[in-house]
Amino acid sequence: AADAAPGGGGCSPGGGGSVPVLFCFSVFARPSTVPHGAGYELLIQKFLSLYGDQIDMHRKFVVQLFAEEWSQYIDLPKGFLVSERCKVRLVPLQIQMTTLGNLTPSSTVFFCCDMQERFRPAIKYFGDIISVGQRLLQGARLLGIPVIVTEQYPKGLGSTVQEIDLTGAKLVLPKTKFSMVLPEVEAALAEIPGVRSVVLFGVETHVCIQQTALELIGRGLEVHIVADATSSRSMMDRMFALERLARTGIIVTTSEAILLQLVADKEHPKFKEIQNLIKASAPESGLLSKV
């Protein structure tokens, strides 16, 4: 291979105008061909044509080449051009560092999940999470933070409860999928420049909240679950869901911590209004003793 490290190709020459290449991604390996002299951009295009459904475009990747000299993959050498049969793989980059959990209004979106009327008699502490959820949405309006709301099968389960004011929500969407990560939600996120963090709350913790959180972190977003604004029918389901999610790097926090982190400074122009929101409603439901 041109400009490759010694032994970089580690393969036999190909003939004609195309070269056989084995494309590897995750557990998959598919033989294909590329034009002789193809470089990095053509390899990426080929990966997308072969594995587009599996590749999360919110992630960053590195292309690696199998080097027989080392009997392992090496990062694709600078200026690499395909001149002989070879094996390449696409590797998602993992950031090996603790999630810091910093929040700023300009890079944050609030997700309100399925706070619907039919759940009222079944969900533990539902009245309390309604109160906290309303506080969060008021805070979002004050700070100019976009809000995305879903309703699980509203035809059968009813709309969002009347106590929660959805004025100004960017998107209110019915769904049947448990996760909130629907094509319309992904499109809405793509319209928000610089979004990095999602503040997530609603019901049920072990179903829709958990599945939404896992899909979001799989797309490279940082997720903050508001413990005093999420619940389930069973406190055991709720507790184990929060424990599992925390182990995956999702941040389990509280509404007051979220709101004060977003203003960050007593001198913030909205600090007094946020402070008044916090003072106005702080239910002692016992939810946080069961995290």
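Just so you know, these numbers come straight off a predicted model, no measurement behind them. (Residues numbered from 1 in each chain as written. Predicted model: local features only at pLDDT ≥ 70, side-chain atom pairs only at ≥ 80, totals over all residues. Heavy atoms only, no water.)

## Remarks on the environment of Thr-230
Relative to the helices and strands, Thr-230 is located in strand β10 (residues 222-231). As for Thr-230 and Val-132, which are separated by 98 residues in sequence, their C-alpha atoms are 9.2 Å apart. Setting aside chain neighbours within four positions, we find Thr-230 in contact with Ile-129, Gly-202, Thr-205, Ile-209, Ile-225, Arg-238 and Leu-287. From its side chain, Thr-230 meets the backbone oxygen of Gly-202 in a polar contact 2.9 Å long. Looking at Thr-230, its side chain comes within polar contact range of the side chain of Thr-205, at 3.0 Å. (Helix = DSSP H or I, 4+ residues; strand = E, 2+ residues; numbered from the N terminus. Contact = heavy atoms within 4.5 Å. Polar contact = N/O pair within 3.5 Å; in protein donor to acceptor, adjacent residues only side chain to side chain.)

## Notes on the packing of helix α2 (residues 126-143) against helix α8 (residues 271-280)
Between α2 and α8, the shortest axis-to-axis distance is 10 Å and the interhelical angle comes to 175°. Relative to α8, the element α2 lies roughly antiparallel. Residues Arg-135, Gln-138, Gly-139, Leu-142 and Leu-143 of α2 pack against Glu-273, Ile-274, Leu-277 and Ile-278 of α8. (Axes fitted to C-alpha atoms, helices over the stretch in contact; angles between N-to-C directions. Parallel < 35°, antiparallel > 145°, perpendicular 65-115°, else oblique.)

## Some points on the sheet that holds strand β1 (residues 18-25)
With mixed pairing, five strands are arranged side by side in an open sheet as β2-β1-β5-β3-β4. Bordering the open sheet on either side are β2 (28-35) and β4 (72-75), each of which pairs with just one other strand. Each strand of the sheet is rotated relative to its neighbour by a mean of 35°, with strand direction disregarded. Two strands pair when backbone bridges link them, and β1 and β2 are joined in this way by eight bridges, in the antiparallel orientation. Within the sheet, the bridge partner assigned to Phe-25 lies in β2 and is Phe-28. (Pairing = 2+ DSSP bridges.)

## Remarks on the nonpolar core
Membership of the largest hydrophobic core comes to 34 residues, with the highest contact counts inside it found for Phe-110, Phe-126, Leu-136, Phe-201 and Ile-258. Among the elements of the structure, β6 (108-113), α2, β7 (147-152), β9 (197-203), β10, α7 (255-263) and α8 are those that each provide at least two residues to this core. Contacts of Leu-136, omitting those with residues within four sequence positions, involve Phe-110, Phe-201, Val-226, Ala-229, Ser-255, Ile-258 and Leu-259. Among the nonpolar cores identified, the runner-up in size contains 27 residues, and Phe-111, Leu-171, Ala-188 and Ile-250 belong to it. (Core = buried A, V, L, I, M, F, W, Y, C linked by side-chain atoms within 4.5 Å. Buried < 20%, exposed > 50% of the residue type's maximum accessible area, 1.4 Å probe, protein only.)

## Regarding the pattern of salt bridges
Applying the stated criterion to the full structure yields eleven salt bridges. Close ionic contact of Glu-186 with Arg-219 constitutes a salt bridge, the shortest N to O distance being 2.8 Å. Of this pair, Glu-186 sits in helix α4 (residues 183-190) while Arg-219 is found in the loop between α5 (205-218) and β10, placing the two residues 33 residues apart along the sequence. We classify Glu-186 as partly exposed; its relative accessible area is 28%. (Salt bridge = Lys/Arg side-chain N within 4 Å of Asp/Glu carboxyl O.)

## Some points on the side chain of Asp-228
Its location among the elements puts Asp-228 in strand β10. The side chain of Asp-228 is buried and forms no salt bridge, while Arg-135, the nearest opposite charge, is found at 4.6 Å. Among the polar contacts made by the side chain of Asp-228, one reaches the side chain of Ser-255 at a distance of 2.7 Å. (Lys, Arg positive; Asp, Glu negative; His and termini not counted.)

## Considerations on the confidence of the model for the protein
A low pLDDT score tells you not to read the predicted coordinates there in detail. Predicted confidence across the protein gives a mean pLDDT of 88, with 88% of residues reaching 70 or more. Across residues 1-15 the pLDDT falls below 50, and counting only partners more than four positions away or on other chains, this stretch makes 42 contacts in the model. (pLDDT = per-residue confidence, 0-100.)

## Brief notes about the packing of aromatic side chains
Scanning the model with the defined rule gives seven aromatic pairs in all. Through pairs of rings, three or more aromatic residues link up here, namely Phe-23, Phe-25, Phe-28, Phe-47, Tyr-51 and Phe-61. Across from the ring centre of Phe-28, 5.9 Å away, lies the NZ or CZ of Arg-30, which sits over that ring. The aromatic ring of Phe-66 is capped on one face by Lys-87, whose charged end is 4.6 Å from the ring centroid. (Phe/Tyr/Trp six-rings, centres within 6.5 Å; stacked < 30°, edge-to-face > 60°. Lys NZ or Arg CZ within 6 Å of the ring centre and 35° of its normal.)

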